[in-house]
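Here is how the chains run, residue by residue.
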Amino acid sequence: MSAWPELRESRTVRTGNPPGTVIRCGLVDTMLADLSVSVVYFFERTLDEDQLALGLARALELLPTFAGRLRTRDGLLEIVCDDAGVPLAVYDVDETLAEAMSRVTLPGAGLVDQVDARGARQGGLPLLTVRASRLAGGGTALGCSWHHALGDMQTYLLLMRAWSAAVEQLPLPEALLIEDQDSFLERVLPKQDCGRPGFRLPEPEQAAVLRREFESATRANRTAQVYFGDQELQRMRAELGAAAGQKLSVGDALCGHVVSTIRELDEDTEARQLTVPVNVRRPLDLPAAAVGNLLSEIHLPCGPQAPAEQIAIGLRAAIEDFPRSHLNLRANLEFLEAIGRSRFRDCVPLGFDPADKRFTFSNWSRFGVYDTAFAGQRPVFFSPTGNLPLPWVSWVVEGFEGTGALFTVVLPARLAARLRTPAARAALHRFRSPEDTLPKLAESTPKVL
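Residues numbered from 1 in each chain as written. Predicted model: local features only at pLDDT ≥ 70, side-chain atom pairs only at ≥ 80, totals over all residues. Heavy atoms only, no water.

Overview of helix α6 (residues 181-188)
If you check which residues of α6 are buried, you get Q181, F184 and L185. The buried residues of α6 occupy one face: seen down the axis, they fall within an arc of 100°. On its buried face, α6 sits against β2 (22-24), α1 (27-31) and α12 (329-339). A side-chain oxygen of the first residue of α6 lies 3.3 Å from the backbone nitrogen of D182; this N-cap is D180. (Buried < 20%, exposed > 50% of the residue type's maximum accessible area, 1.4 Å probe, protein only. Helix = DSSP H or I, 4+ residues; strand = E, 2+ residues; numbered from the N terminus. Arc of directions from axis to C-beta. Contact = heavy atoms within 4.5 Å. Polar contact = N/O pair within 3.5 Å; in protein donor to acceptor, adjacent residues only side chain to side chain.)

Here it is in structure tokens:
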């Protein structure tokens, strides 16, 4: 074998029973239809690809959108559940588990077959891809990429729960297939929300700057990952909560700590904005929908020298007041309907503003990514990949073996390099004690700070 992936086999997973259901994509889903999301699960032993394929086929019976294809009819984007299938490729890779984990965020890491989101809009291309990489020493990297028009992280993890249950021969979860997302939202959303849409139409000069950001992203930016252990997080929560004079969640404390630390390392003393996406299913008590993006955002001002506890306090207050003051799904629908579908590609999320160093902090923890089991094996590591490394975007999810927190952030190259200096490591881990117990994999993956 060589260090480069060598194809062992490929197949297309189908149910064999196409339902023919047609899903009308909502305005927000259509707005996000130029994007894909890619993640990788790492397992210590080899997975049985035949079991994976059979389990996935059964999961696709519950969630046929992932095996479907996109089409545009009468100006509307639709998902046709035609059972066109999901490509599953198996590769041999001459790398150990730790080596593969260390480069999961690098461009061209070869652990995921990224969905061609724009191409898929024209029809005929898959909306979900799966790549299983057999690693040296018996480990497996399972890379999955899905089209954002299908839904958000919660939608995708509904598929993963079904896939895992099918392989483990357990009852599949319940799933609601929504055939018209906007009609569904009209029924379940409050009649009024904050009134501030989460998208904007940039002026021509701003649009040109943003295009350059996209075009130079791979050259100009780097992805860094930081692991915080459980003991470290509890110490962080306690100390920042004491400084704030109120109880904070681990997520509040972690967001405040990493945002303020990175701003200090960047020597940034300007007033900034922070964007935190929020899954609206829980606060609105919505069902486990099998399609659709159901995210709102919290937008927080960060003062010129905002300490960690101040950011955490602002986030805690906003979450407690959600959805009354921050829900904006209805405002999004009204904005997108007003500008018309022809201008969707001109829109950008409010949270994407590289020139103003606007930080986006997405929390994927407690979504159950480490609950995905195949033949009794649970992942020992999970990570997003950098499809397009746009700066000031970050994600947090449980870390090694489901412990602690893994913080993944894309930053300008020089700042990302600064995070690896001893002084920066000390600042990031100022709540860590030499006596803290860390997972063995954390110690064997040096690129994770």
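A few points about the sheet that holds strand β6 (residues 86-93)
Pairing within the open sheet is mixed, and its six strands lie in the order β1-β6-β7-β8-β3-β15. The open sheet has two edge strands, β1 (6-13) and β15 (381-384), and neither has a second partner. Neighbour-to-neighbour, the strand axes of the sheet open up by a mean angle of 15°, direction not taken into account. Where strand β7 (residues 128-135) and strand β8 (residues 140-147) come together, seven bridges link them in antiparallel fashion. Bridging from a neighbouring strand, T129 pairs with S145 of β8. The sheet strands contacting helix α2 (residues 49-62) are β1, β6, β7 and β8, and the helix crosses β1 at an angle near 25°. Sheet strands touched by helix α5 (residues 153-167): β3 (36-43), β7, β8 and β15. Its angle to β8, the strand with the most contacts, is close to 135°. (Pairing = 2+ DSSP bridges. Axes fitted to C-alpha atoms, helices over the stretch in contact; angles between N-to-C directions.)

A look at the sheet that holds strand β4 (residues 69-73)
Taken together, the three strands give an open sheet; going across it, the order is β2-β5-β4, and neighbouring strands pair in antiparallel fashion. If you trace the sheet from one side to the other, it starts and ends with β2 and β4, each paired once. Neighbour-to-neighbour, the strand axes of the sheet open up by a mean angle of 35°, direction not taken into account. Of the strand pairs in this sheet, β2 and strand β5 (residues 76-80) are connected by three bridges, and their pairing is antiparallel. Its bridge partner lying in β5, V22 is registered against V80.

Side note on the pairing of strand β11 (residues 272-279)
Burial analysis of β11 places six of its eight residues in the buried class, which makes it a mostly covered element. Relative to strand β12 (residues 295-302), β11 runs antiparallel, the two being bridged by eight bridges. In the sheet register, Q273 faces β12, and the bridge partner there is P301. Across two bridges, the pairing between β11 and strand β14 (residues 359-363) is parallel. Residue pairing for β14: T275 is matched across the bridge by T360.

Regarding the packing of aromatic side chains
By convention here, two paired aromatic rings are described through the distance between centres and the angle between planes. A full pass over the atoms with the stated rule returns eleven aromatic pairs. Plain terms: the ring middles of F214 and F352 are 5.4 Å apart, the flat faces sit at 65° to each other, and that makes the pair edge-to-face. Of the two residues, F214 is situated in helix α7 (residues 204-220) and F352 in the loop between β13 (348-349) and β14; the sequence distance between them amounts to 138 residues. With 4.7 Å between their ring centres and 20° between their planes, F381 and F400 make a pair best called stacked. Within this pair, whereas F381 is found in strand β15, its partner F400 is found in the loop between β16 (393-397) and β17 (405-412), the two being separated by 19 residues in sequence. Here F381 matches F400 in class, with each residue buried. Cluster of aromatic residues (ring-pair linked, three or more members): F42, Y227, F381 and F400. (Phe/Tyr/Trp six-rings, centres within 6.5 Å; stacked < 30°, edge-to-face > 60°.)

Some thoughts on the pattern of salt bridges
This model, assessed by the stated rule, comprises 24 salt bridges. Its salt-bridge partner being D113, residue R131 comes within 2.7 Å of it at the nearest N-O pair. With R131 in strand β7 and D113 in the loop between α3 (97-102) and α4 (117-120), this pair connects stretches of sequence that are 18 residues apart. The exposure class assigned to D113 is partly exposed, which follows from its relative accessible area of 23%. Residues participating in the shared-partner salt-bridge network are D34, R118, R121 and R345. (Salt bridge = Lys/Arg side-chain N within 4 Å of Asp/Glu carboxyl O.)

Overview of unusual backbone geometry
Along the chain, F322 connects to P323 via a cis peptide bond; the corresponding omega equals 5°. Its place among the elements puts P323 in the loop between α11 (308-320) and α12. Phi at W392 is positive, roughly 70°, even though this residue is not glycine. For W392, the location among the structural elements is in the loop between β15 and β16. For E401, which is not a glycine, the phi torsion comes out positive at approximately 55°. Following the sequence through the fold, E401 ends up in the loop between β16 and β17. The partly exposed category is assigned to E401, whose relative accessible area is 48%.

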